[in-house]
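Chain by chain, the residues:
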Amino acid sequence: MTFTLREDSALLKPTTVGALSLANRMFMAPLTRSRADADGTPSSLAPQYYAQRASAGLIISEATAVCEQANGAYMNTPGLYTDRQQDKWAEVAAAVHRAGGRMFVQLWHVGRMAHPDISGFEAVGPSPIAADLQTHTPTGKKPLPVPRALTVGEIEEIVGQFRSAARRAVDAGMDGVEIHSANGYLLHEFLSDVVNQRTDGYGGSPRNRARFVAEVIEAVVDEVGPDRVSLRISPGNTAGDMTEIDQISAYEALLCRIAPLGIAYLHVVSMPSAPAFAAVRTQWDGTLVLNTPRSAETDFAELEQLAEWGVVGAVAIGRAFLANPDLVRRLTIGAELNIPDVVTFYAPGPNGYTDYPMLDDLVTTQSA
Ligand SMILES: Cc1cc2nc3c(=O)[nH]c(=O)nc-3n(C[C@H](O)[C@H](O)[C@H](O)COP(=O)(O)O)c2cc1C
């Protein structure tokens, strides 16, 4: 497949998020790659993997746990709650910066998507409602358990863990953090009017359901400043067996509460035609980054058009960046795109991670 961006393409224009100047508006979407060490330290290949993709306007890292209990959806996912993890993330940040790139770390707690065989802890969520899914554990595929409802004290503790992980990210030299409140993980679960059945201050009304996410954003902004903070949401996304009958009200309450903070960007996973996207777009005055979750190939023409019209400030692209480290260059000159290899998305080692060819490799091979 090939696609050539227009010479004056809005996607190729520089932009800013927070205080950061970015070379273009094509961001690398967060992509879990399951190659971290058993203790949650990013793999020794991670600096190379991310540096290869430094020509993205902004790299958003794979989802990264804010504490040990926040793990457990997939095996070998990284964290940012120990010095060893922080040191490796510092190597990643340095490698990306040396290559001219910019990078935010995506911070998550997996909530009810955890399996105790992976995390070593019981799964937790807003309410004791299980996701009707199976996950790969060290001893094969198993159904996700019914989670235990978090206490208010535990919610406050998790807010503090997001704050500490954001501090560590910035201390590691990262340009900022993206708070993961999408795709059926803990913060998204609290926003849902189906998965969240609480009757305390964190459930019930849209304002209450938005409260946990808002408190996380407020704490993290207080810790590292608004320019270094962003938020990913996916209203109506059914990933993680999520259901939201009302896909709008809690998001409106959330955006209304955090708007005055002036965070760097809001990242929305949505089809541009979805009513929830229209509602969010109308309400959000700041920079909006869109990721369109397609099952097949990215429609670059549509993304280019949305940026041209000013509907989005930037776009996030996942699998095409995974398979094409030099995606921006390929799209600029209309070069053939590598096809993502699904089998190696979550497999260990360099295969399908750091060995996707760059255009220069191909020229060298062909002329040799
Ligand atoms: C291998 C893989 C890993 C992913 N990991 C994450 C993740 O860690 N955090 C997240 O918010 N989304 C994650 N996603 C979703 C992507 O960010 C993105 O929304 C999805 O791939 C659709 O965009 P695309 O069509 O450009 O790939 C992942 C998707 C894939 C394919």
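Residues numbered from 1 in each chain as written. Predicted model: local features only at pLDDT ≥ 70, side-chain atom pairs only at ≥ 80, totals over all residues. Heavy atoms only, no water.

Under an unreviewed UniProt entry, the name given to the chain is Putative NADH-dependent flavin oxidoreductase, and the source organism is Mycolicibacterium duvalii. Regarding the chain, the UniProt comment filed under Sequence similarities (unreviewed entry) reads as follows: "Belongs to the NADH:flavin oxidoreductase/NADH oxidase family." Regarding the chain, the relevant UniProt record gives this comment under Cofactor (unreviewed entry): "FMN". (UniProt positions renumbered as here; feature names shortened; annotations may be inferred.)

Close to the ligand lie 18 residues, the nearest being T32, R232, N291, G318 and R319. One of the backbone nitrogen or oxygen atoms of P30 is found 2.8 Å away from an oxygen atom of the ligand. Take R232: an N or O atom from its side chain is 2.6 Å from an oxygen atom of the ligand. Isolated, the ligand exposes 620 Å² of accessible area, and the fraction of that covered by the protein chains is 88%. Among the residues forming the shell around the ligand, the class breakdown is eight nonpolar, seven polar and three charged. (Near = heavy atom within 4 Å. Polar contact = N/O pair within 3.5 Å; in protein donor to acceptor, adjacent residues only side chain to side chain. Areas by Shrake-Rupley, 256 points an atom, 1.4 Å probe, with all protein chains shown as cover. Nonpolar A, V, L, I, M, F, W, Y, C, P; charged D, E, K, R; others polar.)

Summed over the entire model, instances satisfying the criterion amount to one cavity of 30 Å³ or more. In this structure, the largest cavity encloses a volume near 30 Å³. Lining the largest cavity are R35, A36, P42, S43, A46, E62 and Y353. Here the lining of the largest cavity is composed, by residue class, of four nonpolar, one polar and two charged. (1 Å grid on protein atoms, 1.4 Å probe; cavity = no way out; pocket = protein on both sides within 12 Å on 5 of 7 lines; lining within 4 Å. Points joined across faces, edges and corners; volume = space filled by probe spheres on them.)

Turning our eyes to something else, we now look at the pairing of strand β12 (residues 265-269). Of all the five residues making up β12, five are buried; the element is thus mostly covered by neighbouring parts of the structure. By the alternation rule, side chains of β12 split into Y265, H267 and V269 and L266 and V268, which are all buried. Note: strand β11 (residues 229-233) against β12, four bridges, orientation parallel. Directly across from I233, in β12, lies its bridge partner V268. Handedness of the crossover is the feature at issue here: the chain leaves β11, passes through helix α7 (residues 249-258), returns alongside β12, and the resulting connection is right-handed. Across four bridges, the pairing between β12 and strand β13 (residues 288-291) is parallel. Its bridge partner being in β13, L266 is matched across the sheet by L288. Read from β12 through helix α8 (residues 275-283) to β13, the crossover connection turns out right-handed. (Buried < 20%, exposed > 50% of the residue type's maximum accessible area, 1.4 Å probe, protein only. Helix = DSSP H or I, 4+ residues; strand = E, 2+ residues; numbered from the N terminus. Pairing = 2+ DSSP bridges. Right-handed = clockwise from strand over helix to strand, strands pointing away.)

So, about unusual backbone geometry. At S34, a residue that is not glycine, the phi angle is positive and equals roughly 50 degrees. Examined against the element boundaries, S34 turns out to sit in the loop between β3 (26-28) and α1 (46-52). In this structure, D241 is a non-glycine residue whose phi angle is positive, near 55 degrees. In this fold, D241 is placed in the loop between β11 and α7.

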